[in-house]
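Geometric and topological summary
Read off the chains here:
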Amino acid sequence: MSRTKRMAGVFQTSIKCLLASALLFSACKGNAQHEENSTLKTAFEDKFAIGTAMNAWQISGRDSAATKIIKDQFSAIVAENCMKSGRLQPEEGEFTFDLADQFVEFGEQNDMLINGHTLIWHSQAPRWFFTDAEGQDVSREVLIERMKTHIHTVVGRYKGRVDTWDVVNEAILDDGSYRESKFYQIIGEDFIKLAFQFTHEADPDAELYYNDYSMAEPGKREGVVRMVKKLQAEGVKIDGIGMQGHIGLHHPEIREFEKSLEAFADLGVEVMVTELDLTVLPSPWDDQGAEVSKNFDYEDKMNPFPNGLPDEVRDAFDARYLEFFALFLKHQDKISRVTLWGVADQHSWRNGWPIRGRTDYPLLFDRENKAKPIVEKLIKLTKQ
């Protein structure tokens, strides 16, 4: 073989090696980018915070599998129950902060957005809040003072550590009128303004939110807009509105949800989707709100999937989640956070509400703590 041919062969071999190296580098780079974007929190990092609710077992570390998912996949957390007033102050002046302290420490250790939920809510407030020693309703002045003490104590304890607070929860009915809770009956609608004022006094830098369900209902949309405009006109600090995302396969209409999202953003506040889950089970009533006081008796026909989902239901589940997340991405300039109400299906309140003993599949991770196919689909959606 001539020297020229040998050199040509060496040159061709070198070219092949360079091409192979380039392809290998490209593949490695691609794999690195894939790894980089293979979690929900990295995929949504430049869009909005992606969060989850934490229960007591996860906060305490007893559910290590779920805790790992939270660390790996989510950038924001909210306490499912341990920061509600009935849990924090079951008796007047007797505060129980152990679990709430662990929750806040978990968020700090993992560099997460920490949301406090919730300061004033009729449903899980302790009974003593509203009554005197004889069991009679307290005066307006007494209830206001109890609200102030509770808020100042709780928010003051976590000043500079909890980023956002759901100050008032579920104070407006679907028709737009005020819910006649004990707070409303004793204080009047001013209880909302006072709650925001007390929270701002306790931590001037925290972001303050109003949170409610069925926010796609036109009547509730209008009622919330009226309430927020009134607060703003009175100089009350309100930074955002939380739209609870307790959705079904057919309710609410996504366009109505979008109308509310746009209407709330037009108020100049942030919008959060705060309690997202997707039930695949039939509803015992026409709407699918989240009124926790409603319960119905168990019937087999209302629990159609005890052993798993048929393919067509799983496909509908994926399509519905994709539809809503496409909406969230469309309005990412208005939305600061989307939070799932739980980690994996076995943790969800949907298994017991509004009918106890059912098997639902509303979250992004299954009962074995494995990511459902929808997780990868949502990650891919962020790249489109």
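A quick note: this is a predicted structure, and the numbers were derived from the prediction, not measured.

**With respect to the packing of helix α12 (residues 311-330) against helix α13 (residues 373-381)**
Contact geometry of α12 with α13 gives a least axis separation of 10 Å together with a crossing angle of 30°. Relative to α13, the element α12 lies roughly parallel. Classified by chirality, the crossing of α13 by α12 is right-handed. In this structure, α12 contributes F317, D318, Y321, L322, F325, A326 and L329 to the contact, and α13 contributes P373, I374, K377, L378 and L381. Split into classes, the residues belonging to the contact of α12 with α13 amount to 10 nonpolar, no polar and 2 charged.

**Observations concerning the pairing of strand β1 (residues 49-54)**
Most of β1 is tucked away: 6 of the 6 residues are buried. Burial along β1 is two-sided: the face carrying A49, G51 and A53 and the face carrying I50, T52 and M54 are both buried. Sheet topology note: the β1/strand β9 (residues 335-340) ladder contains 4 bridges and is parallel. For T52, the partnering residue across the bridge sits in β9 and is L340. In this sheet, strand β2 (residues 76-79) lies alongside β1 in parallel orientation, the contact comprising 4 bridges. By the bridge assignment, G51 is partnered in β2 with A76.

**Focus: unusual backbone geometry**
A negative phi angle characterises most non-glycine residues, just as the trans form characterises most peptide bonds. Cis geometry marks the peptide bond from H117 to T118; its omega dihedral reads -5°. You can see T118 is positioned in strand β3 (residues 113-121). The omega torsion across W353 and P354 is 0°, close enough to zero to call that bond cis. Looking at where P354 falls in the secondary structure, it is placed in the loop between β9 and α13. The backbone phi angle of D111 is positive, close to 55°, even though this residue is not glycine.

The rules behind the values
Residues numbered from 1 in each chain as written. Predicted model: local features only at pLDDT ≥ 70, side-chain atom pairs only at ≥ 80, totals over all residues. Heavy atoms only, no water. Axes fitted to C-alpha atoms, helices over the stretch in contact; angles between N-to-C directions. Helix = DSSP H or I, 4+ residues; strand = E, 2+ residues; numbered from the N terminus. Parallel < 35°, antiparallel > 145°, perpendicular 65-115°, else oblique. Left-handed = near helix turned anticlockwise from the far one by under 90°. Contact = heavy atoms within 4.5 Å. Nonpolar A, V, L, I, M, F, W, Y, C, P; charged D, E, K, R; others polar. Buried < 20%, exposed > 50% of the residue type's maximum accessible area, 1.4 Å probe, protein only. Pairing = 2+ DSSP bridges.

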